[in-house]
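Residue strings, one per chain:
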Amino acid sequence: MSVSILGISAYYHDSAAALLIDGRIVAAAQEDRFTREKHTSAFPYHAATYCLEEGGLQVGDLDRVVFYDKPYLKFERLMETYHAFAPRGLRSFVAAVPVWIKEKIFLRKRLHDELARIGPGKVRLLFPEHHLSHAASAFYPSPFDEAAILTIDGVGEWATAAIGQGKDRSITILRELDFPHSLGLLYSAFTYYCGFKVNSGEYKLMGLAPYGHPDSERTGSFKKKILDHLVDIREDGSILLNMDYFDYATGLSMCRDEHWRRLFGMPRREPERDIEQSYMDLALAIQQVTEDIVHVMAQTAKKLTGSKYLVMAGGVALNCVANGKLLRRGIFDDIWIQPAAGDAGGALGAAYAAWHIEMGRPRSATTGRDAMAGALLGPEFGPDYIARMAKKCKAPYTHYQDYDELCADVAALIDRGMVIGWFQGRMEYGPRALGNRSILGNPCLTETQKKINLKIKHREEFRPFAPSVLEEDMTDYFELDRPSPYMLLVSRVKEKRLRAEPENYNRMSMYERLYHERSDIPAVTHVDYSARIQSVNKTTNERFWKLISACKQKNGYGLIVNTSFNVRGEPVVCTPEDAYRCFMRTDMDYLVMGDYVFHKNDQPELAGIDAQAQG
């Protein structure tokens, strides 16, 4: 008889659900895609319901429901922290404790109640530790039989980072770094100080860092002040934070603003204000410190395990710049990072922990590729659903009978500089759009980045875009010698593709550098001549691979601009209705859903050779 395990993460941010049947990932999704509340912490009712429907199950059919951390240990950490810092933090204590008593101390009952909303049936609940869930999400679906494990985030129960080793079906945690000393919270404090939102703006801080002047006296001074006053890095990569400068342990903000103002000589940047060069230099300084700490932690993981391979998870594992540099340092033969590395991925890791550790089931033999199925694990919508949506919305479209013809026409539009909404197959699990819920553009046009950022995504101009490149063509464009299917590695663009750099390049303003044509693929070449790469494999995602191949036939370039299908402040689209609404509210040129190409009323309809009647 099959064994079904539902993993759940909730009540902090990025709630999600994931379903394993006999150890195979059947479905996984984040709750915010369904509710449209970005980074929601709510119980993943819709995500869990979807997972059960995908598996053909009822709640009563489940053998285990597994929550991704231990609430009692978290409560213990909360109480001990307030005691240690007393009388500081009284306001935070008064605000936090009633919520814990009401909602989280009695989490077992709450979970049973929430599952009863989905359907009848009693289930067995399990609660692995937070970093074990992260470790399981990193190791068990990886392509390695044995690996060192490195998990780094803000905080779980007590641990903020962990080093472990995975062998066959077992995971052994070897070292942990405990709260309040946290690399994730250190990076989030700088996210906050530079004017971005914690738990979502860390991507922006990473994208801002390359605009810092790497050889400037100010950047060097900032880095020195971080190391002298904020964080002590030990030989094994563990860190001690100077808590006189931080307020997250018992306060209501990340850091003590006045202390930071005196240290760095500038106030906290107000959100939405123009970004001055000093904040770019500060972003670069903390990015460099983060990379150094990750490097030393990885060296310790190598010493403790002797493993040839490393797997990673936790929010800090989404820092693809640090990941790329770690790979190039050659400590390990290869690195694999869980594509849903943050708390959403904890749902999958919790389910894996139950299957392999609690139930003792063996791993399937690895095949050289991971078990994530390209992270395409969410819901899909067939042609009948799309046709009904089009009729309901009175949406004009062209319907194609020949998918190759569709790809040829869409490639021609992209070649002309059009921006395309691309909606295909199953939704991605994790923060990255990987070719099924994507916005696409021409990488060879300098104006593509500005058009998508300002007129479609409605976000900051400096935000970079990733190239999705045919896996077999990747080495023609980038200095990366292995696949990067999940957009989690940054690598330099090949020298032969770069344009001459002005002598004063590192002294140019943000916008002068942003719109300098740095390569023959300028829309995906960041200001430091790097790119965050997604390699596209024909077996994993044939439809996306065929589109990029059609683009290559049209213009000779086997890559495309790929960014997530959403606008600022909203989650990635889930349904055809979400996609069409986003399309109509922005300056996107065309929307492709399945074999339907939608256009706007003032645009010409497409007419491929085998195109059928218009909607």
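The rules behind these values
- Residues numbered from 1 in each chain as written.
- Predicted model: local features only at pLDDT ≥ 70, side-chain atom pairs only at ≥ 80, totals over all residues.
- Heavy atoms only, no water.
- Helix = DSSP H or I, 4+ residues; strand = E, 2+ residues; numbered from the N terminus.
- Expected span 1.5 Å × (residues − 1).
- Buried < 20%, exposed > 50% of the residue type's maximum accessible area, 1.4 Å probe, protein only.
- Arc of directions from axis to C-beta.
- Pairing = 2+ DSSP bridges.
- Phe/Tyr/Trp six-rings, centres within 6.5 Å; stacked < 30°, edge-to-face > 60°.
- Lys NZ or Arg CZ within 6 Å of the ring centre and 35° of its normal.
- Contact = heavy atoms within 4.5 Å.
- pLDDT = per-residue confidence, 0-100.
- Axes fitted to C-alpha atoms, helices over the stretch in contact; angles between N-to-C directions.
- Parallel < 35°, antiparallel > 145°, perpendicular 65-115°, else oblique.
- Nonpolar A, V, L, I, M, F, W, Y, C, P; charged D, E, K, R; others polar.
- Salt bridge = Lys/Arg side-chain N within 4 Å of Asp/Glu carboxyl O.
- Polar contact = N/O pair within 3.5 Å; in protein donor to acceptor, adjacent residues only side chain to side chain.

A. Molecular detail of helix α9 (residues 217–230). Between its terminal C-alpha atoms α9 stretches 19 Å, which fits the 20 Å expected from 14 residues at 1.5 Å a residue. Among the residues of α9, those classed as buried are T219, F222, I226 and L230. Projected onto a plane normal to the axis of α9, the buried residues spread over an arc of 60 degrees and lie on a single side. Every exposed residue of α9 that faces more than 90 degrees away from the buried side is listed here: E217 and K224.

B. A look at unusual backbone geometry. A cis geometry characterises the amide bond from F179 onward to P180, with omega recorded as 10 degrees. Relative to the helices and strands, P180 resides in the loop between β8 (170–178) and α7 (183–193). A positive phi angle is found at N199, which is not glycine, with a value near 75 degrees. One can find N199 in the loop between α7 and α8 (202–208). N199 gets classed as partly exposed once you look at its relative accessible area, which sits at 31%. Of note, E272 is a non-glycine position whose phi angle comes to about 75 degrees, a positive value.

C. Structural view of the pairing of strand β20 (residues 590–593). Side chains Y590 and V592 project from β20 onto one buried face, and the interleaved L591 and M593 project onto a second face that is buried too. Looking at chain direction, strand β14 (residues 420–423) and β20 are connected through four bridges and run parallel. The residue bridging F423 from the neighbouring strand is M593, located in β20. Pairing geometry for β20 and strand β21 (residues 596–598), over three bridges, is antiparallel. Looking at the pairing, L591 lines up with F598 of β21.

D. Structural context of the packing of aromatic side chains. One pass over the structure, following the stated rule, counts 27 aromatic pairs. For the pair Y140 and Y352, a centre-to-centre distance of 5.9 Å together with 35 degrees between the ring planes defines the contact as tilted. Note that Y140 is positioned in the loop between α6 (130–139) and β6 (146–152) and Y352 in helix α13 (residues 343–358), a separation of 212 residues in sequence. Judged by relative accessible area, Y352 falls into the buried class, the value being 3%. A network of ring pairs unites the aromatic residues F179, F190, Y193, F222, F246, Y248, W260 and F264 as a single cluster. Geometry around F139 places R363 over its ring, the cationic atom sitting 4.2 Å from the centre. Positioned above the aromatic ring of F423, the side-chain terminus of R437 is 3.8 Å from the ring centre.

E. Focus on the sheet that holds strand β4 (residues 64–67). Within the open sheet, the five strands sit side by side as β3-β2-β1-β4-β5. Their pairing is mixed. Looking at the sheet topology across the chains shown, the edges are occupied by β3 (24–30) and β5 (125–126). Bridge analysis of strand β1 (residues 4–9) against β4 gives four bridges, and the strand direction is parallel. Bridge pairing links G7 to V66 in β4.

F. Seen up close, the environment of W355. In this fold, W355 is placed in helix α13. The sequence separation of W355 and Y580 amounts to 225 residues, and the corresponding C-alpha distance is 39 Å. Once residues within four sequence positions are removed from consideration, W355 is found in contact with V3, I5, L20, D22, G23, G360, R361 and P362.

G. Fine view of the confidence of the model for the protein chain. This prediction gives the protein chain a mean pLDDT of 92; 93% of its residues lie at or above 70. Note that pLDDT drops below 50 for residues 609–615; the model gives that stretch 16 contacts with residues more than four away or on any other chain.

H. Focus on α6. In terms of burial, α6 is largely enclosed, as nine of its ten residues are buried. Among the residues of α6, H130, H131, S133, H134, A135, A136, S137, A138 and F139 are the ones counted as buried. Buried residues along α6 sit in contact with β6, β7 (159–167), β8, β11 (309–313), β12 (334–337) and α13.

I. Geometry of the packing of α6 against α13. Interhelical geometry of α6 versus α13 gives an angle of 85 degrees and a closest axis separation of 7 Å. Relative to α13, the element α6 is oriented roughly perpendicular. Contact residues: H130, L132, S133, H134, A136 and S137 in α6; D343, G345, G346, G349, A350, Y352, A353 and I357 in α13. Among the residues making up the contact of α6 with α13, the classes are represented as six nonpolar, seven polar and one charged.

J. Expanded view of the pattern of salt bridges. Inspection of the entire model under this criterion finds 31 salt bridges. Taking the shortest distance from any N to any O, the salt bridge between E114 and R117 comes out at 2.7 Å. Of the two residues, E114 and R117 both sit in helix α5 (residues 107–118), three residues apart, roughly one turn of that helix. You can call E114 buried: its relative accessible area is 13%. Salt bridges here are not isolated pairs; linked through shared partners, they connect K204, E272, E460, R463 and R568.

K. Spotlight on the sheet that holds β6. The strand order across the open sheet built from five strands is β8-β7-β6-β11-β12, with neighbouring strands paired in mixed fashion. Each edge of the open sheet is held by one strand with a lone partner, namely β8 and β12. Averaged over all pairs of adjacent strands, the angle between their axes in this sheet comes to 20 degrees, without regard to strand direction.

L. Inspection of the side chain of T151 at higher detail. Among the secondary structure elements, T151 is positioned in strand β6. When its relative accessible area of 2% is taken as the criterion, T151 is described as buried. A distance of 2.7 Å separates the side chain of T151 from the side chain of H131, its partner in a polar contact. Leave out the neighbours within four places in its chain, and T151 touches H131, H134, A135, T160, A161, A162 and A313.

M. Fine view of the pairing of β6. Here β6 lies mainly inside the structure; six of its seven residues are buried. With antiparallel pairing between neighbouring strands as the criterion, β6 and β7 make up a hairpin whose turn holds six residues. Where β6 and β11 come together, four bridges link them in parallel fashion. Residue I149 lies in a different strand from β11, and its bridge partner there is V311.

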